[in-house]
Structure formats: C-alpha cells, structure tokens
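Chain residues, written in single-letter form:
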Amino acid sequence: MNTLARPLPARAAFNARPVMRWSRDETIARAILLVVMVMLFVFLIAPLLTILAHAVQDREGRFVGLTHFITYFQTPSLLRAAWNSIWVSAAVVMISVPTAFVFAYALTRSRMPMPLKAVFRLIALIPLLAPSLLSAISFVQWFGNQGALKFLLGGVSIYGAPGIIMAEVYNTFPHALMILVTALSLADGRLYEAATALRTRPFRQFMTITLPSCKYGLISAATVVFTYVVSDFGAPKVIGGNFNVLSVDVFKQVVGQHNFSIGAVVGMLLLVPSIISFVIDYVVRRKLKAQLTARSVPYSPKRRKLADPLLMLFCTVVCGLLLATIGMAIYTSLISLWPYDLSLTLKHYHFVLVESDMADAYTNSLIVAIATAVAGSLIVFVGAYLIEKTRNLGLMRKGMHLMAVLSMAVPGLVLGLGYVMFFNHPANPLNFLYQTMAILIISMVVHYYTSSHLTAVTALKQIDNEFEAVSASLKVPFFKTFLRVTVPVCLPAILDIGRYFFVVSMASLSCAIFLYTPETILASVAIMHLDDAGDIGPAAALASLIVVTSTVVCIAYSLLTRVLLSRTQAWRNLSRS
Amino acid sequence: MDMTDTKFIASPVPASAPAALEIVGVRKDFESFSALRDVHLRVNPGEMLCFLGPSGCGKTTLLRIIAGLETQTSGQILQNGKDVSWLPPDRRDYGIVFQSYALFPNLSIAENIGYGLVNSRARRGEIKTRVEELLKLVGLPTSGGKYPSQLSGGQQQRVALARALATRPGLLLLDEPLSALDALERIRLRGEIRRLQKQVGITTIMVTHDQEEALSMADRIVVMNHGVIEQVGTPMEVYEQPATPFVADFVGKVNVLRAVALGNHRFRVGDMELQCDACDGAFEPGEAVNLYLRPEDRAVEHLSHDTANRLQALVTKVEFLGGLCIAEVTADALHGQALGLHFSLNQLHDLDIREGNTIDIALRANRIRAFSARTPKP
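In this text the structure is predicted, and so the values were computed from the model without any measurement.

1. With respect to the overall build of chain B
- Helix and strand counts for chain B come out as ten helices and 20 strands.
- Judged by the C-alpha coordinates and their principal axes, chain B covers about 75 × 45 × 40 Å.
- The 378 residues of chain B split such that 46% are buried.
- Nonlocal contacts in chain B, meaning residues at least 24 apart in sequence, comprise 66% of its contacts between residues at least 6 apart.

Okay, structure coming up:
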C-alpha cells in the first residue's frame, strides 16, 4: 500500500496510547456531574457509612465488633419489634395489593364510563397528598376509645397492629395502584382475541393471560408496599400504642434514650428489608420494561353484564372508605371536641395558624417544599442529563446511576439518623449545616431522588441521542443546546418532577424527625407533637392544611403548566400540512 | 486478507494531490471484538465517498471516529494534512447528518438551519440571508417558519442537510441519511443529495448498507467487511472487477461455480472447460477455485462455433419480476450446478425461454472472475 501515507514508526510509538482530548464542553460537563456525585456521596453514602460505623463502636468510639448486634438479638422486647414490623408489613401487603389490583383492573379492563374512571382514580390518589399520620388520626377517631364505630371491632382495641394495618393500607393503596395500573395497561389485545377464538372461558383467560402478564407488576407493588410499611414512622407512632415496631424503636432509642449504638443497629436492620425489596423491585422493573417495548395491540375491554357492575360497586366501596378516612380527619379539624361537642368551628385552624407557633411549622413546610421542588428538579434533571448525554463517562456513569437509584432503598428514618450521626460530628466541616433548613431540604432531595431521576431519564431517552453530536459539529456549546432544546423539550417531565418533590416533601415526616429544631420544625412533625399532647383537633387541622395546600398546588400547577405548555410547546401538536 | 497495491489505485485524482482526509492505520477494539483493523484510506477533495458494507462491518464506527464521536484504539486521522486524531468533535471541521434527522423539535426550520450560525457571531441580517439561501438550496424556500413535525421525512432530512452545510464545513458526513425514508422518497432524495454535493463541491462521506444507493451516488465506494476494507474503487470498478469474493457477492447478484484451474485462463467445471480471459492467470493447475458470474453476463445472440463457453442449458424455473426476469438454468455439462440468469421480458418471449425448454447460451469469457476456493486467512 505504497500509495498511502504511513506514519513514521517513531511517531507511531510515541502515539501508542494517546487519550482523546476533552473539549471544554466535556470538561465542564464532567465537572458539574462530579459536583452532583460528590453531593450524593456526602449526603447519601457517607451518612449510611457513619451509621454502620456507629453500629460497631461503643460510646467512646472504640471498635466493638458485633457486640451491639448481639445485645440487640438477646433483648426479647427489641427482637419482638423486628418480628412485629415484618408481620404487620406482610399483612398490609396481603390486603393492599389485592384491593389495588381489583381497583386497577376495574380502571383498565372494564367498560365503566370514562369520567367515572377519572373520578375513581383521583380519589384513589388522595392518600398521596397527606402525611401518613393523617390516616392514623382518622382511624383513631373512627375506632379509638371514643370512636364512632368502635362497636364494630367487638372489643378489639384499634391501638396496635389493627390500627397500623388499617392506616398503612390506606397510605399504601395509591402506591400499589399506580404500579398495577401500569402493569395492566400493557395488555396485548391479540392474546385475548386468540384465546377467545380458541373458545377459552373468561375465567381461564384471566388466570392464563391477565394474571401472568402482570406478575412483575404484582411483585413490584408488593415490595414497594412492604418497604413503605416497614420504614413508615408516622402511623405506628400515632396508632401503634404499646405495639413496638422497628421504626418507632429507632426513634425511641435515639431521641428517648440517646442510645446511638442500638439506634444504629436498628437502623441497619431497617435497611435490610428495604435493600432486599429494592433489589427485587429493580430486577422486576427491568423485566416490566422489556414487556413494555414488545409490539402489541392495545386491549380494548368488552362490555360484561355481570363483571362491570360488580367492579363499579367495588370501586365505589373502596372510594367510599378512602373518602371516609380523609373525611373524618377533615371533619375532626372542623368540630369543637369529639365526641362531646360536635358544633362546627374554625378554632383549631385559628389555634394552629394564629395562637400557637404552629404557623411557623406550616410556613417552614411550605419553604422546604418549594425549595425542594426547585432545587430537586434542577439537580435531578441536570444530573440525569449529564449521565445520559455525555460521551465516554465510563465508571462515572455507573457510579452516578447506582447512587441515584440507591436512595430509594434508604428509609427516610435511616437517612435522617445518618445525618444526625454524620453532620453532628464536631470534626465534620459540614457541621454548620446541622440544625438548619438547608439540611432538611437536602435530605428531602436525596430521599426522593430515585423516582424523579427515573422520570428524568425516561424523558431524556425519548429525545434524539444525536443532539449533542450535532451541536458539537456546529460548534455550539452543549449548555446552549441544553437550555435551548433539551430543557424546553423535557419541560413537562421537569414540571412533573417539581410537583412530585413539592407534594412528597410537604407530607414527609420520617426524613425530618431527627433533623428539625424548634426553629425549623415542619408541619408533619408538629402534627405528631400535637397528637402526642392529645390535641387531636389542631393536629387534624394542620394535617388537613397540608392536604389542602398540596391539592391547591396540584391544581394551580396543572393550570399553570397548561398555559405554559401551550405557549412553549406549540410545536408538539402540529400536524403535517 | 491479502490486498495488493493495484486494488487501491483507483482514484481519479493523482495520489500526490493533498488529501481532504487521510485515515492512517486506524484500529478500534471493543471488549470482545475488533470493529476496525488497520484501516488506511485517502479521501480526495470534493469527492463523494461511500462506506458500503453489511451491518457490523465497522462503517459507522469509522464515520464516528472521523467525527470524533468515538475514539480509535490507535491510528491517525489527518484532515487537510492536520492531525485531528485526538481532537474532540467540536474542534474538528465537519457537518453531520444522521439517519434520525436529529432536528430540534421545538425550533422552527429556519432556527434549526441557523443554529450553528448564531454561534459564529454572524450578524442577524447575514444569518437571515444565509438561511434563506440554504432553504432555497434544499428546495424548501417557504418552509422556514414551520416546525420539523410539519414536514415529511424527506423534507426533514433536507433541513438537516442544510443545517450541516450552513457553517460551510470542509467535510460532510452522512450516516445512513436515507434509511429512515420510504422507498420513493429515498430515490428522490438520492439524486438530490448528489446534486447538492456537486453544486457545493463539498468532500462527502456517506455510510450506507444499500448497494444501489452507493452505486448510484458515489464517486468511489469503500466496501467494508469485518472491520477491514475489502476494496476501494469507482462504482463501475467495484461492480465489474470485484477484488474479493465478498465484494462480488455483496455488490450485485452473482452465480458461483465450483471449478478447477487448468492454467492459462482455463478452468474445468463439471465436464466443461471454461475460458476466462479477465481472470488472474496465477492459479496453479489443479487448484480449486470458484468462478463468479453475474446474471447478465450471458450471451444468447450472435453465437458461433468458436464462441467460448457455449452450452445447452435446461430452464428449470422462470421468476417473473416485471421488465427484467430471472431464469434458473442447469446443464449436464456443469454437473447440475445451477445458474440464475437475467433476461428481459422481451427476450423471454423472443427466445421462448420457458420452464422445461433448452436454450443455447454462452458465458461471457471476459466477464467471469475466479477466486481461490481456499478460505482466505483471516
């Protein structure tokens, strides 16, 4: 090949292993990504490691190995809490998941009128707006010592396992429902047509096609519900009575007895079921996604004379129960004193917002929710963008993705505990963050990172992968394309993420319980204190305020985004002329 | 693959002219396989070069390495004599068009085309003029205010082309630009891209797996397989004088006959001796070879006693495809080896070529190519 220029051998040797030079863009991208990663490391990984360190050290910081674990397992009362957590969570799964499945089935596979389906769906999602305490308060009002329906329990006390199970079924219902609706919407109509052509009976079709096709959805829903209940703190605190569970134990050990070592041990134990279900869920979700991409014909349900009315009846009953729960809480906030003085009054709201310092708690919650929404969506979207669209990231990409999805596996209570141990340490240069609003906001962003991250990644995957290559060839810096193209195209997803952050951080309790100070107390924490003090009315009022705020924000948000999107997204709905 | 020098002397421009792009010993190793092994190539200024090959042959990888979107394991890329091997994409000089168009959906057509101009600090008036000029160039003078979703696939691809040309780059890279289009639009745009390329005079590299596209558009074709360049040549050269069995097989249709070399350009197939004027004479007598014959390389008219390679063939099947049909024939003399031959519909009628009939044909001695039947060393 003498017609081709060949490099001089010496030069070739010199160039043996050169490295692709990073452009200024790529350097900037890596620097920003590094900042996000360091943030996740400091605010997620480091606190977890600190808990681990505390679990194997004594008060003076000497290594004691598994001593604390052994102490823990030799203390019957502590061990019982672990067992209680497990069986109660399992019981909630057994009730919540099947109920949600039938509900989801009705929403996706029946011929109920569409507006009715929309209403049912909206009602079913209401529990997401409230702190987990609210349902517990409500069930106390219904079935407690002076409960309106106490007689229904026939002498069984609501305080303890029954109350926790009821409250958590209410709280977890929408979580399970959303997953199952997705799973059931993926049906391939052709399978049913083939089955009908083979004269398969409807029941057999259900058993052989419907159930297997949402197997992964069911597993996923079960693990999500299980993790939620194990790590939830609000409901067992209010309605658990003397019934001990792991999450309340952590709180008691740390706040009540200042026993950080045992607290750390319980925290580690709390992490175990979460990590296990996280792994199961992660594997299962991948399979769910594989199902999604399969080419299939959407299923359109046929009218069924018996099933449709039954499903409608079922949905009506479930929605009635959900409304009765939230309704009781709101009702409690509007009457003088249950059950003695049922006159309607706004005095609890007046007390909460004017007389006491609870107004500050409410304001704090608002500030935290807004700041979390803004900072969270910014950080999450930028982080997701950088790992999705920067070339040759190698290990950086894997590391970032792992941390981003790991946050879901860490219960809020454990994260908060880790923050206490990590940031409260005098030697920590970030010690100044401790006892500030900032640390509350950070904990919210980190705690709710995963699902926002996944939303952002999904949105980013839908846009053309070569935008960055095109802008590089046109010598346009990547951040310009990011602002001019990527952000506008992904705006609906970004707004979704912001709303999600607002709603969840408005209601979140477990994250904040270790981190608040009298100045930075949040509404959800204040509700707990009010309930502790027996001030059910004000507690219900404050909880109702959170629900109302989140509802108003959601409505305002959807109106605002509709206006915003119609202005900026005109290009979406154009057709070829 | 043994590649002799002669196969590369195909460029219309003398090798001493400065190359627009020069690829020197480029390798690309992935974890489990090598996508490119020691690729050498010169691209002449102003030419349209096509990388042609089956999927996985490394053609897209090579294009992305030229663009700086992938990093070569070793080797150099020289653009106009300047070493750009390790420069990031935004420091290289090229425009690129992707199969997916990659138009910014939220920007108007005019904004898309002007996207790179805004950054080069051109004045607003100048940008407007340039955008209008480009819109006219790609035949969409009135579409500047529309959005990409309002245009057809072919129109979107023209916009992508205009956007890539806007900043007057020295090199245009086209990554399967027609693959996402439907058949009619594909053929229309084929001619249009070629016309544009000649009009602008820009050095262009196009990746495609469609041989017809490559044959109709390229000045030169680079046929690739398994990360190696099999042949570089004009479309005519690649088609008529394939350098390797792979090229003969991949570009166009071909019949393969098992044969034994007899020396002096003669080969034995079954009971027949075939004359093969164009073949390499270097085969040892007795060596097993494969003879490659294109379906159209048969003679049916003006046959005489001294016409070489004449045979009586039995028509076993006629596949009707419209104006041009394929007749499958066998001959006892070939020991049953079958040949697919092209005949026009008129020839089918005139020569009464039907299933079961015997026809008198000759295999063109100057068109048969012979390759050793031994598997080439990898």
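2. Here we look at the packing of helix 20 (residues 449-461) of chain A against helix 22 (residues 478-507) of chain A
All names here are of chain A.
- Their axes nearest at 9 Å, the elements helix 20 and helix 22 cross at an angle of 175°. One way to sum up the angle between helix 20 and helix 22 is to call them roughly antiparallel. For the pair helix 20 and helix 22, the contacting residues are Ser451, Ser452, Thr455, Ala456, Ala459 and Leu460 in the first and Cys490, Ala493, Asp496, Ile497, Tyr500 and Phe501 in the second.
- In terms of residue class, the contact of helix 20 with helix 22 is built from eight nonpolar, three polar and one charged.

3. Looking at the pairing of strand 8 (residues 203-208) of chain B
Residues and elements named next belong to chain B.
- Extensive coverage of strand 8 is indicated by the burial of six of its six residues.
- The alternating pattern of strand 8 places Thr203, Ile205 and Val207 on one face and Thr204, Met206 and Thr208 on the opposite face, and all of these are buried.
- Bridge count for strand 3 (residues 48-52) against strand 8 is five bridges, and the pairing is parallel. By the bridge assignment, methionine 48 is partnered in strand 8 with threonine 204.
- Pairing analysis gives five bridges linking strand 7 (residues 171-175) to strand 8, with the strands arranged parallel. Opposite leucine 173, over in strand 8, you have isoleucine 205 as the bridge partner.
- The handedness of the strand 7 to strand 8 crossover, carried by helix 6 (residues 183-200), is right-handed.

4. Quick word on the environment of Ser152(B)
All names here are of chain B.
- You can see serine 152 is positioned in the loop between helix 4 (124-137) and helix 5 (153-166).
- What makes serine 152 exposed here is the crowd of 12 C-beta atoms within 10 Å.
- Taking C-alpha positions, serine 152 is 9.5 Å from glutamate 185, a pair spaced 33 residues apart along the chain.

5. Details of the environment of Leu52(B)
All names here are of chain B.
- Structurally, leucine 52 can be placed in strand 3.
- What makes leucine 52 buried here is the crowd of 29 C-beta atoms within 10 Å.
- When the C-alpha positions of leucine 52 and serine 34 are compared, they lie 18 Å apart, and in sequence the two are 18 residues distant.
- Ignoring anything within four residues of it in the chain, the contact list for leucine 52 reads Thr208, Gln211, Ala214, Ile221, Val222, Val223 and Met224.

6. Concerning the sheet that holds strand 16 (residues 310-319) of chain B
- Read across the sheet, five strands follow the order 15-19-16-17-18 (chain B) without closing on themselves; strand pairing throughout is antiparallel. Each of the sheet's edge strands pairs with one partner strand only, and the pair in question is strand 15 (298-299) and strand 18 (339-344) of chain B.

7. Comments concerning the pairing of strand 14 (residues 288-293) of chain B
Residues and elements named next belong to chain B.
- Pairing between strand 11 (residues 255-263) and strand 14: six bridges, direction antiparallel. Bridge assignment links arginine 258 to a residue of strand 14, and that residue is asparagine 290.
- Relative to strand 20 (residues 369-372), strand 14 runs antiparallel, the two being bridged by four bridges. Each residue of the ladder has a partner; that of asparagine 290, found in strand 20, is phenylalanine 371.

8. Brief notes about unusual backbone geometry
- For Lys475(A), which is not glycine, the phi dihedral falls at a positive 65°.
- Its place among the elements puts Lys475(A) in the loop between helix 21 (467-473) and helix 22.
- The phi torsion at His265(B) lies on the positive side, around 60°, for a residue other than glycine.
- Here His265(B) lies in the loop between strand 11 and strand 12 (266-269).

9. Quick look at the sheet that holds strand 7 of chain B
Residues and elements named next belong to chain B.
- Reading across from one edge, 6-7-8-3-9-10 is the order of the six strands in this open sheet, with mixed pairing throughout. The open sheet has two edge strands with one neighbour each: strand 6 (95-97) and strand 10 (228-233). The sheet shows a mean angle of 15° between the axes of neighbouring strands, direction not considered.
- The pairing of strand 3 with strand 9 (residues 220-225) spans four bridges and is classified as parallel. Its bridge partner being in strand 9, leucine 52 is matched across the sheet by valine 223.

Calculation notes
- Residues numbered from 1 in each chain as written.
- Chains lettered and ligands numbered in written order.
- Predicted model: local features only at pLDDT ≥ 70, side-chain atom pairs only at ≥ 80, totals over all residues.
- Helix = DSSP H or I, 4+ residues; strand = E, 2+ residues; numbered from the N terminus.
- Buried ≥ 20, exposed ≤ 12 C-beta atoms within 10 Å, placed from the backbone.
- Contact = placed C-beta atoms within 7 Å.
- Axes fitted to C-alpha atoms, helices over the stretch in contact; angles between N-to-C directions.
- Parallel < 35°, antiparallel > 145°, perpendicular 65-115°, else oblique.
- Nonpolar A, V, L, I, M, F, W, Y, C, P; charged D, E, K, R; others polar.
- Pairing = 2+ DSSP bridges.
- Right-handed = clockwise from strand over helix to strand, strands pointing away.

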